[in-house]
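# Residue-level structure breakdown
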Amino acid sequence: DGGITQSPKYLFRKEGQNVTLSCEQNLNHDAMYWYRQDPGQGLRLIYYSQIVNDFQKGDIAEGYSVSREKKESFPLTVTSAQKNPTAFYLCASRSGTLTGELFFGEGSRLTVL
Amino acid sequence: GQQVMQIPQYQHVQEGEDFTTYCNSSTTLSNIQWYKQRPGGHPVFLIQLVKSGEVKKQKRLTFQFGEAKKNSSLHITATQTTDVGTYFCAVLLNDYKLSFGAGTTVTVRA
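### Remarks on the overall build of chain A
Scanning chain A from N- to C-terminus turns up zero helices and 11 strands. When the elements of chain A are put in sequence order from the N terminus, they spell out β-β-β-β-β-β-β-β-β-β-β. Its C-alpha atoms give chain A a radius of gyration of 13 Å, near enough to 13 Å, the size a compact globule of 113 residues would have. Counting only C-alpha atoms and orienting by the principal axes, one finds that chain A spans roughly 40 × 30 × 25 Å. Taking all 113 residues of chain A together, 48% fall into the buried category.

So, in structure tokens, the structure goes:
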């Protein structure tokens, strides 16, 4: 089935460790996104990518890094520089047209101990 | 930061009653999208509004885009327990950057 796959679903890490969250899509979408969700704050944009080998910072990019080496993949690394990394992370893709909707993965819940 | 204000943040509704959630922007929007996130789930696209004054219906849900394209509303009639969740509006800031409102979390009293 077509869709977005995020892994892992749950992740526990110690403070100071970098963590990479995986996001793969087989929808042939050009644009991919990472959002962070905290209770009561909605979805905040971390990074987005319009096309392979290109990406832009969103509203809360500090402490995060991404790569887009393949159209299907957009991994997110949560670095030790991110001060409050415990959150629910959502990856999404979009066809890239002006009116395209977002398709979300099931999310990755990161807990830093 | 978020480009749209969404109100109310929480909505507690008696089953069978109606309610409305609103999204407001200080700038003119090209379009607006609405998503629903069930508890423990991920956001799912509901609808997109593009034209000034546009009204679209999905069963008991009515979506409206303001005449000035600066606000939008979602009205749910005869609320059911299946309506529980968080409803988000999202706006396109450029061709690719989609920014979400803070959401309205709906709980239903049976």
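### Description of the state of the cysteines
This model, assessed by the stated rule, comprises two disulfides over all chains. Each disulfide pairs two cysteine sulfurs, and for Cys-23 of chain A the partner residue is Cys-91 of chain A, the sulfurs being separated by 1.9 Å. On the sign convention where negative is left-handed, the bridge of Cys-23 of chain A and Cys-91 of chain A, at about -75° about the S-S bond, is left-handed. One end of the pair, Cys-23 of chain A, is in strand S3 (residues 19-25); the other, Cys-91 of chain A, is in strand S9 (residues 87-94), and 68 residues separate them in sequence. Owing to a relative accessible area of 1%, Cys-23 of chain A belongs among the buried residues under this scheme. Across a sulfur-sulfur distance of 1.5 Å, Cys-23 of chain B and Cys-89 of chain B are joined as a disulfide pair. The sign of the S-S torsion, about -40°, decides the handedness of the disulfide formed by Cys-23 of chain B and Cys-89 of chain B: left-handed. Of this pair, Cys-23 of chain B sits in strand S3 (residues 19-25) while Cys-89 of chain B is found in strand S9 (residues 85-92), placing the two residues 66 residues apart along the sequence. On the basis of relative accessibility, which here comes to 1%, the residue Cys-23 of chain B falls in the buried class.

### Here's the deal with the environment of Val-4 of chain B
Residues and elements named next belong to chain B. Residue placement: Val-4 occurs in strand S1 (residues 4-7). When the C-alpha atoms of Val-4 and Ser-25 are compared, they prove to be 4.8 Å apart, with 21 residues separating the residues in sequence. The contacts of Val-4, once residues within four sequence positions are left out, are Cys-23, Asn-24, Ser-25, Cys-89, Val-91, Phe-100 and Gly-101.

### Considering the pairing of strand S11 (residues 108-112) of chain A
Residue and element names in this part refer to chain A. Across four bridges, strand S2 (residues 10-13) lies against S11 in parallel orientation. Following the sheet pairing, Arg-13 is matched in S11 by Val-112. Note: S9 against S11, three bridges, orientation antiparallel. Across the sheet, Ala-87 pairs through a bridge with Leu-110, a residue of S11.

Scoring rules and cut-offs
Residues numbered from 1 in each chain as written. Chains lettered and ligands numbered in written order. Predicted model: local features only at pLDDT ≥ 70, side-chain atom pairs only at ≥ 80, totals over all residues. Heavy atoms only, no water. Helix = DSSP H or I, 4+ residues; strand = E, 2+ residues; numbered from the N terminus. Rg over C-alpha atoms; globule rule 2.2 N^0.38 Å. Buried < 20%, exposed > 50% of the residue type's maximum accessible area, 1.4 Å probe, protein only. Disulfide = S-S within 2.5 Å. Contact = heavy atoms within 4.5 Å. Pairing = 2+ DSSP bridges.

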